[in-house]
Amino acid sequence: MAFVWVIILSVGLIQGVFIISSLQTLFPRGSRKKCLFRVLKGLQITPVLFIFASAIWFFFVVILPIEVANTYLSLKSICYTFIASYLWLNMVFNYLAAMIVSPGYPETRQELEEDTDIHLDSLKFCSKCSRVRDRGTHHCSSCSTCVLLMSHHCPFTNNCVGLNNFAYFFLFLMQCSFGLVFAAYSTYQPFLSCMMYYKSALYTADVCKELGDYAVMFLVVTFVLLFMFIMLSFHTFLLIVDISMIDFLKLCQKLTFKEWVKDVFIERGLQKKKVLLRKLLLFRREKWWKFLVPAFNEIPELLPPDQFLV
Ligand SMILES: [Zn+2]
Ligand SMILES: [Zn+2]
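For every chain, the first residue of the written sequence is number 1, and numbering continues from 1 along that sequence. In the order they appear in the text, chains get letters beginning with A and ligands get numbers beginning with 1. With the structure being a predicted model, the display of local features is reserved for residues of pLDDT at least 70 and the display and counting of side-chain atom pairs for 80 or more, all residues being used for whole-chain, interface and lining totals.

Trainee: Any details on the nonpolar core? Residues and values, ideally.
Mentor: For this analysis, nonpolar core means a set of buried Ala, Val, Leu, Ile, Met, Phe, Trp, Tyr and Cys residues linked through C-beta atoms within 7 Å. Any residue whose C-beta has 12 or fewer other C-beta atoms within 10 Å is treated as exposed, any with 20 or more as buried, and any in between as partly exposed, C-beta atoms being built from the backbone. Ala98, Phe169 and Phe172 are the most contacted members of the largest nonpolar core, which totals 49 residues. Mapped onto this core, the elements with two or more residues apiece are α4 (46-67), α5 (75-100), β2 (145-147), β4 (159-161), α7 (166-194), α9 (217-241) and α12 (275-281). To qualify as a helix, a DSSP run of H or I must reach at least 4 residues; to qualify as a strand, a run of E must reach at least 2; elements of each kind are numbered from the N terminus. By residue number, the principal contributor to this core is α7, which donates 13 residues. Those residues within four positions of phenylalanine 169 in sequence are excluded, and the remaining contacts are Ala98, Cys154 and Val161. We call two residues in contact when their backbone-placed C-beta atoms lie within 7 Å.

Below you can see the structure in the form of structure tokens.
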């Protein structure tokens, strides 16, 4: 029964994230001034942190001792421990980096006025935050500021996703999907044996009794994996057609289905120059293998800003 309550609590917390996020969008000014809303904003990251902690506890305390009889000595246990720890560390690092690293903000009018070499007349400024409005820059009502190459405001990291932290966000989605595939692989056997009554040498009646409600974990993992996979596919698609999430939403209202197929899927999908892919992801590390380990972005200045977008 305790496990059912844990699931209900998790779903409640995740719903809470969306409710808080909606309140901030509906009441952007009032929300930032009140302490209560600041606390609630902090609470937005708790569901994901809770899931991280539960995942590593569940693997090492519940699954590993059953899967591997002599837990810390066999080759299987070493492989399991290495894969789980590697994916978990990458996932947590990229999540925290997406949350902490600033997405990148354009300069304000006041900052530029101090620099006498720049002609302010040739620049466009945001009427709400007085920052420079280049192509790809958007104003976030939750953060009350313009963000460079803004993708979206992520309620789970409580931060905007833009030029400087998109790589972490995308790597988090990728590592999280890999981690969930591994979690599904580790939990499908107990689910089949204890819930569907398939015969297994490992998951006997006694082990299933000890495992109890935890045997249903495979369904929870599959559900989260499906959600993550949809998110990862969607953001990969946006990188392939070279459109930010905000521009995608604008195009949804503007284009017909036929125009979508011709202008977006075929023309933009097949064009070789993928500016967002290069600026947000590929040029963020000097060596390709640094995408596979927890590492901070290395190259801050990338391509010139005005060659792209719809
Ligand atoms: Zn602005
Ligand atoms: Zn934001």
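That was the structure; now back to the text.
Trainee: Lay out the UniProt feature "transmembrane region" (unreviewed entry) in the protein with the relevant residues and their values.
Mentor: UniProt positions are given in the numbering used here, feature names are shortened, and annotations may be inferred rather than shown by experiment. Those places that UniProt annotates as "transmembrane region" (unreviewed entry) correspond, in this numbering, to residues 6-27, 48-66, 78-101, 166-188 and 214-241. As a span, residues 48-66 carries 100% helix and 0% strand, and end to end its C-alpha atoms are 26 Å apart.

Trainee: Which residues make up unusual backbone geometry, and what are the values?
Mentor: Negative phi is the rule for most residues except glycine; trans is the rule for most peptide bonds. Although it is not a glycine, leucine 149 adopts a positive phi angle of roughly 45°. As for its position among the elements, leucine 149 is in the loop between β2 and β3 (152-154). With 26 C-beta atoms counted inside 10 Å, the residue leucine 149 sits in the buried group. The backbone of asparagine 158 shows a phi angle near 55°, a positive value even though the residue is not glycine.

Trainee: Talk me through the packing of α7 against α9; I want residue IDs and the actual numbers.
Mentor: As a rule, the C-alpha atoms of each element are fitted with a line to give its axis, helices using only the stretch in contact, and angles between N-to-C directions run from 0 to 180 degrees. Here α7 crosses α9 at 155°, and the two axes come no closer than 8 Å. With respect to each other, α7 and α9 are oriented roughly antiparallel. When you trace α7 past α9, the crossing you get is left-handed. On α9, the residues that touch Phe170, Leu173, Met174, Cys176, Ser177, Leu180, Val181, Ala183, Ala184, Thr187, Tyr188 and Phe191 of α7 are Met217, Phe218, Val221, Thr222, Val224, Leu225, Met228, Phe229, Met231, Leu232 and His235. Note on residue categories: nonpolar means Ala, Val, Leu, Ile, Met, Phe, Trp, Tyr, Cys or Pro, charged means Asp, Glu, Lys or Arg, and polar means any other residue, Gly included. When the residues that make up the contact of α7 with α9 are grouped by side-chain class, the tally is 19 nonpolar, four polar and no charged. Here is the rule for angles: anything less than 35 degrees is roughly parallel, anything more than 145 is roughly antiparallel, 65 through 115 is roughly perpendicular, and the remaining ranges are oblique. Left-handed describes a crossing whose near helix is turned anticlockwise from the far helix through less than a right angle; right-handed describes the clockwise counterpart.

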